[in-house]
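# Coordinate inspection notes
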Amino acid sequence: MNSKNNELAIQLRHELHQHPEVSNHETWTKEHLMNFLKKHTSLEIVDRGLWFYAIYHAGNDKKTIAYRADFDALPMDEELDLPYASENKGVAHKCGHDGHVASLAGFALEIDQIGADKNIFFLFQHAEETGDGAAECVVFIKENNIEEIFAFHNMSGTPQGSISVINGTAHWASTGMTIEMEGKPAHASQPELGVNPAYAIAEIIQASPGLIALENNDGPVLCTIIQVAIGERAFGISASKGKLLLTIRAHYLADMDKLRDNIEALAKKLSAEQDIKVKFSYNDTFPDTVNDPDSTDKVREAARRLNYPLLESKNPRRGSEDYGHYLKATKGTIFYIGNGEDYPQIHTYAYDFCDDNIEIAVEMFKMLATM
C-alpha cells in the first residue's frame with residue numbers, strides 16, 4: 001500500500017473514532033467519508049441517504065464486484081486515554097467499524113490511482129449493529145448486478161495480521177424477541193380475582209432449555225433471557241402486565257425460525273388457557289451468514305500470495321453479522337484479520353482498532369480484485 005495512502009487512511013480512522021455515531025444516526029460519519037473520497041479520488045459517488053457507495057468503472061464488458069464496510073459505533077463510553085478519543089459522550093467505536101471503513105477508503109484510493117480490470121463498488125453501510133443496515137442496502141446487489149462481494153472483520157484472539165477463514169456458516173442467525181402479556185389487575189389480598197401473567201412468563205422461561213436441546217434441532221441453538229419485567233412497584237396490586245425479552249440465535253436459520261415458532265405457540269397456548277392477551281415483536285434481526293466456497297478459496301489464495309498467516313476457523317461465530325443479507329443475494333465471503341492473541345476483545349472498554357491492520361486489509365482487497 002502506498003505510504004501516503006496508508007497515512008491518510010489511518011488519519012481518517014482517527015477522525016471517525018473522535019466522532020462516533022450509533023446505528024441509523026451516522027450523519028457526520030457518512031458525510032465525512034463522502035468528502036474524503038471526493039477530495040482524494042475521482043470515483044463516482046452514489047448517495048443513498050443513510051448509506052452510499054463509490055464506483056470504479058473499468059468497462060461494461062468487465063466483471064462487477066463489491067466490497068462492503070460498516071460505519072456505526074456502539075452506545076458505550078470511551079474509557080481509553082487516546083489522542084483521538086471519542087468526543088461524543090456515551091458513544092464509541094468499540095467494534096472497529098472505524099477501521100473497517102478507513103480500510104475500504106484506503107483501498108478506494110489505491111484503485112483510483114492504479115486501476116483495476118473489474119468494475120469495483122465500494123459499499124459504505126450504516127447500522128450493522130442493529131441489523132438494519134444490510135437489510136436496506138441489499139437492494140444494491142441486484143441494482144448493480146454485483147457478481148461477488150467481500151468484507152472483513154477485525155478479530156481478537158488470533159495473531160496480529162493473520163487471516164482467518166471458514167467454509168459455510170460464518171455467523172449464526174439471531175433476533176431479539178419481545179413477548180408482551182396482559183391479564184387483569186386485582187388487590188394483592190385477592191389475587192384470584194385477577195389474572196397475573198407472571199406464571200405464564202415463568203413457564204416460557206422454564207420451557208426454553210428443552211426447546212433449544214440439541215436433540216431437537218439440526219445444530220446448536222441459544223435462547224438468552226435479556227429482561228423480565230412484570231407488574232409495578234405497588235405492593236397492594238397483583239401484577240397484570242408483563243414483558244419477556246429474549247435473544248434467540250442458531251447455527252442454522254431454520255432452527256432459529258423453529259425456535260421462534262415454538263415459543264410463540266407456547267405463549268399463545270398459555271394465554272388462551274389463562275385468559276391473557278399476548279403480543280410479539282422483533283428487532284435486531286440477523287440472517288445466518290453463509291460463505292460461498294469459491295469466494296472463500298480466493299481469500300485463502302490471496303493470503304498465500306501475500307504471505308499472510310492463514311488460519312482455518314473450526315466453528316462459526318455465535319455473534320451475528322448482517323452481512324449475511326448480501327450472501328443470500330450473490331456469492332461472496334467474509335474473512336477476519338487478527339488483532340493479536342491477547343488483544344482486547346471487541347465491545348469492551350479496553351478495545352481500539354489496530355491501525356496496522358488497515359494496510360493488511362487493503363492489500364487483501366487489492367489481491368482479491370485481481371482474481
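We now turn to the structure provided with this report. Bear in mind that the values here come from a model prediction, so they are computed numbers and not experimental data.

## Topic: the sheet that holds strand β10 (residues 221-230)
Taken in spatial order, the 4 strands line up as β10-β12-β8-β13 in an open sheet, and their pairing is antiparallel. Only two strands of the sheet have a single neighbouring strand rather than two, namely β10 and β13 (277-286). Strand-to-strand twist in this sheet, taken as the mean axis angle between neighbours without regard to direction, amounts to 15 degrees. Judged from the 8 bridges that link them, strand β8 (residues 173-182) and β13 form a sheet pairing that is antiparallel. Bridge assignment links I179 to a residue of β13, and that residue is F280. Most of the contacts of helix α6 (residues 198-211) go to β10, to which it runs at about 160 degrees, and overall it touches β8, β10 and β12 (241-250).

## A word on unusual backbone geometry
Where the residue is not glycine, phi is negative for most of them; where a peptide bond is considered, it is trans in most cases. Phi is positive for N24, which is not a glycine, with a value near 70 degrees. The exposure class assigned to N24 is partly exposed, which follows from its relative accessible area of 27%. Positive phi, close to 65 degrees, is recorded for H347, a residue that is not glycine. One can find H347 in the loop between β16 (331-340) and α10 (356-368). With relative accessibility at 37%, the residue H347 sits in the partly exposed group.

## Structural notes on the pattern of salt bridges
A side chain of one charge can pair with a side chain of the opposite charge when the charged atoms of the two come close. Across all of its chains, the model carries 28 salt bridges by this definition. For the salt bridge of R13 with D355, the shortest nitrogen-to-oxygen distance reads 2.9 Å. With a gap of 342 residues between them, R13 in helix α1 (residues 3-18) and D355 in the loop between β16 and α10 connect regions that are remote in the sequence. On the basis of relative accessible area, R13 is assigned to the buried category, the value being 0%. R300 serves as the salt-bridge partner of E312, at 2.7 Å between the closest nitrogen and oxygen.

## Overview of a nonpolar patch on the surface
On the surface, a nonpolar cluster with roughly 220 Å² of combined accessible area is contributed by I225, V228 and I230. Secondary-structure assignment places V228 in strand β10. The exposure class assigned to V228 is partly exposed, which follows from its relative accessible area of 41%.

## Side note on the sheet that holds strand β2 (residues 52-56)
In spatial order, the strands read β1-β2-β4-β3-β5-β16-β6-β15; together these 8 strands make up an open sheet with mixed pairing. Strands at the two margins of the open sheet, each flanked by one partner only, are β1 (44-47) and β15 (310-312). Direction aside, the axes of adjacent strands within the sheet are offset by 25 degrees on average. For strand β5 (residues 148-156) and β16, the ladder comprises 9 bridges, and the chain directions are parallel. Looking at the pairing, F152 lines up with F335 of β16. With respect to the sheet, helix α3 (residues 97-114) is in contact with β2, β3 (64-70), β4 (119-125) and β5, its orientation differing from that of β4 by roughly 155 degrees.

## Overview of the nonpolar core
Y67, F107, F122, F124, I163 and F335 are the most contacted members of the largest nonpolar core, which totals 51 residues. Apart from residues no more than four positions distant in its own chain, Y67 is found in contact with L104, F107, I120, F121, F122, L123, I149, F150, F365, L368 and A369. Membership of the second largest hydrophobic core comes to 22 residues, among which are V46, I55, I149 and I166.

## Examining the packing of α1 against α3
Between α1 and α3, whose axes approach to 9 Å, the crossing angle comes to 150 degrees. Between α1 and α3, the crossing angle belongs to the class labelled roughly antiparallel. Viewed along their axes, α1 and α3 form a crossing whose handedness is right-handed. Side by side, α1 and α3 meet where N5, L8, A9, L12, R13, L16 and H17 of the first sit next to D98, G99, V101, A102, A105, G106, L109, E110 and Q113 of the second. When its residues are assigned to classes, the contact of α1 with α3 shows 8 nonpolar, 5 polar and 3 charged.

Rules behind the numbers
- Residues numbered from 1 in each chain as written.
- Predicted model: local features only at pLDDT ≥ 70, side-chain atom pairs only at ≥ 80, totals over all residues.
- Heavy atoms only, no water.
- Pairing = 2+ DSSP bridges.
- Helix = DSSP H or I, 4+ residues; strand = E, 2+ residues; numbered from the N terminus.
- Axes fitted to C-alpha atoms, helices over the stretch in contact; angles between N-to-C directions.
- Contact = heavy atoms within 4.5 Å.
- Buried < 20%, exposed > 50% of the residue type's maximum accessible area, 1.4 Å probe, protein only.
- Salt bridge = Lys/Arg side-chain N within 4 Å of Asp/Glu carboxyl O.
- Patch = residues over 30% accessible without salt bridge, like charges linked within 9 Å, V, L, I, M, F, W, Y side chains within 5 Å.
- Areas by Shrake-Rupley, 256 points an atom, 1.4 Å probe, with all protein chains shown as cover.
- Core = buried A, V, L, I, M, F, W, Y, C linked by side-chain atoms within 4.5 Å.
- Parallel < 35°, antiparallel > 145°, perpendicular 65-115°, else oblique.
- Left-handed = near helix turned anticlockwise from the far one by under 90°.
- Nonpolar A, V, L, I, M, F, W, Y, C, P; charged D, E, K, R; others polar.

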